[in-house]
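Descriptive analysis of the structure
Listed below are the residues making up each chain.
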Amino acid sequence: MTSNYGTFVQCPAGPAGASESTWWQWRDMDVHVERIGVQDAPVRLVLFHGAGGNAAAMRPFTEHLAVLGTYVSVPDLPGYGLTRSPDPAGIRYGHWQQFAQDFVRAESDDRPLVLMGASMGGLLAFEAAAATSLAAALVVTCLLDPRDERVRARLTWHPVLGKVAGPALRLLAGSLARVRVPIRWVADMRHISNDPGLVRTVLRDARGGGGSMSLGWMRSFMEWQPDVEPEDFRTGRVLMVHPAEDRWTPLEISKPFFERIAATKQIVMLENAGHFPIEQPGLDQLVAAVGQLVADLR
């Protein structure tokens, strides 16, 4: 059963438009994609969730984004949501990277395209924008560079685990890399939200934060290397809408990567909002900032 994330998020000010659940064949996977909004909206928007997320968890936010005049597509990344893979234990971060790029190319048309990433999805959206040069704008809640020890220390549930995770995972090869473990054993899911009820909802979602990923996937993310460094990223505009009360990934661990980006960029702090930014006035500030960006692109 899909968790009802909408109970935690204020409803949008207007109608979001029609929604549909679709499927996209990618390699040997059946990728589930949620779409919402008016199909001929003036701006297209692709939203990538992060680890422990899925399209269902993003739905309350996509409704707000659709009201702004965007046609929103949210894929369930391999290993999450309703997406079906014949080999879940074989999924690696490289699959996410290539999927995101292929999906962006398929979604692009003659309208301005906004790529948006929540949590770890921010880095994925950055990579897709850099690889395809198709995005008119990039919106992220944070930018988590796993090469940075400060990021590793924050991503895991204990700072010591973050320091040893990289070297320890490098020891895993062969069959051990295919071992799947609950996400909460590694990631600091207790701080995915500042609302205890929402934390429980995420952890109970077997297709999201309550699910499992392989040690090989975790290793592949920890060993991430960019094809394009931020100093060479000049595609469109970059907007970081960062929760001001993020207890998992505070601004100081995203800011070094963000400040290196060569493109025109802006930070908007979401007051009173946690990592999963449901709180007010942060939610309204997120919608307003993205709304202004969309208005500028129309």
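Everything here concerns the structure above.
These remarks concern the structure in this document. (Residues numbered from 1 in each chain as written. Predicted model: local features only at pLDDT ≥ 70, side-chain atom pairs only at ≥ 80, totals over all residues. Heavy atoms only, no water.)

1. Overview of the overall build of the chain
When helices and strands are counted, the chain shows nine helices and 10 strands. Against the compact-globule benchmark of 19 Å for 298 residues, the chain has a radius of gyration of 18 Å, which places it among compact chains. Dimensions of the chain, computed from C-alpha atoms along their principal axes, come out at roughly 50 × 40 × 40 Å. By the burial criterion, 58% of the 298 residues in the chain qualify as buried. Sequence separation of 24 or more characterises 77% of the internal contacts of the chain that already satisfy a separation of 6 or more. Across the chain, the mean location of the 29 positive side-chain charges is 5 Å away from that of the 32 negative side-chain charges. (Helix = DSSP H or I, 4+ residues; strand = E, 2+ residues; numbered from the N terminus. Rg over C-alpha atoms; globule rule 2.2 N^0.38 Å. Buried < 20%, exposed > 50% of the residue type's maximum accessible area, 1.4 Å probe, protein only. Contact = heavy atoms within 4.5 Å. Lys, Arg positive; Asp, Glu negative; His and termini not counted. Charge placed at Lys NZ, Arg CZ, Asp CG, Glu CD.)

2. Examining the nonpolar core
Core analysis: the largest hydrophobic core is formed by 94 residues, its most contacted members being Trp-96, Leu-115, Trp-217, Phe-233 and Phe-276. The leading source of residues in this core is helix H9 (residues 282-297), at eight residues. Setting aside anything within four residues of it in sequence, one finds Leu-115 in contact with Val-46, Val-104, Ala-125, Ala-128, Ala-129, Ala-135, Ala-137, Leu-138 and Val-139. (Core = buried A, V, L, I, M, F, W, Y, C linked by side-chain atoms within 4.5 Å.)

3. A word on the packing of aromatic side chains
The final tally for this structure, using the stated rule, is 15 aromatic pairs. Geometrically, the ring pair formed by Trp-24 and Phe-103 is edge-to-face, given 5.4 Å between the ring centres and 80 degrees between the ring planes. Linking Trp-24 in strand E1 (residues 19-26) with Phe-103 in helix H2 (residues 93-107), this pair joins segments that are 79 residues apart in sequence. Among the aromatic side chains, those forming a connected cluster through ring pairs are Tyr-80, Tyr-93, Trp-96, Trp-217 and Phe-221. In this arrangement the basic side chain of Arg-84 is found over the ring face of Trp-23, its NZ or CZ atom lying 4.2 Å from the centre. (Phe/Tyr/Trp six-rings, centres within 6.5 Å; stacked < 30°, edge-to-face > 60°. Lys NZ or Arg CZ within 6 Å of the ring centre and 35° of its normal.)

4. Observations concerning the pairing of strand E4 (residues 70-75)
Most of E4 is tucked away: six of the six residues are buried. Alternating positions in E4 separate into two faces, Thr-70, Val-72 and Val-74 on one and Tyr-71, Ser-73 and Pro-75 on the other, with burial throughout. Of the strand pairs in this sheet, strand E2 (residues 29-36) and E4 are connected by four bridges, and their pairing is antiparallel. Bridged to Ile-36 within E4 is Val-72. Where strand E3 (residues 43-48) meets E4, four bridges bridge the pair, whose relative direction is parallel. Residue pairing across strands places Leu-45 opposite Val-72, the latter belonging to E4. Handedness of the crossover joining E3 and E4 through helix H1 (residues 55-67) is recorded here as right-handed. (Pairing = 2+ DSSP bridges. Right-handed = clockwise from strand over helix to strand, strands pointing away.)

5. Regarding the environment of Val-72
Residue position: Val-72 is located in strand E4. Once the C-alpha coordinates of Val-72 and Val-43 are considered, the two residues, 29 residues apart in sequence, prove to be 8.8 Å apart. Among all residues touching Val-72, those that are not within four sequence positions of it are Glu-34, Arg-35, Ile-36, Leu-45, Thr-62, Leu-65 and Ala-66.

6. Some words on the sheet that holds strand E5 (residues 113-117)
To summarise the sheet geometry, strands pair through backbone hydrogen bonds and adopt either a parallel or an antiparallel arrangement. Spatial ordering of the open sheet is given by E1-E2-E4-E3-E5-E6-E9-E10, a layout of eight strands whose pairing is mixed. Each end of this open sheet is capped by a strand with a single partner; those strands are E1 and strand E10 (264-270). Geometrically, the sheet is characterised by an average inter-axis angle of 20 degrees between neighbouring strands, direction not taken into account. By the bridge criterion, five bridges tie E3 to E5 in an arrangement that is parallel. Counterpart to Val-46 in the pairing with E5 is Leu-115. (Axes fitted to C-alpha atoms, helices over the stretch in contact; angles between N-to-C directions.)

7. Let's talk about the pairing of strand E9 (residues 237-243)
Across a regular strand the side chains alternate sides, sitting on one face of the sheet and then on the other. Of all seven residues that make up E9, six are buried, and the element is covered over most of its length. As paired elements, strand E6 (residues 137-140) and E9 share four bridges and run parallel to each other. Of the residues in E9, the one forming a bridge with Val-139 is Leu-239. Note that E9 and E10 share seven bridges and pair parallel. Note on E10: the bridge partner recorded for Pro-243 is Leu-270. One crossover worth recording links E9 to the parallel E10 by way of helix H8 (residues 251-260), and it is right-handed.

8. Some words on the environment of Arg-178
With respect to the secondary-structure elements, Arg-178 resides in the loop between helix H5 (159-170) and strand E7 (180-182). Between the C-alpha atom of Arg-178 and that of Gly-90, which follows or precedes it by 88 residues, the distance is 6.3 Å. The contacts of Arg-178, once residues within four sequence positions are left out, are Asp-87, Ala-89, Gly-90, Arg-92 and Ser-214. A polar contact of 2.6 Å, which involves the side chain of Arg-178, links it to the side chain of Asp-87. (Polar contact = N/O pair within 3.5 Å; in protein donor to acceptor, adjacent residues only side chain to side chain.)

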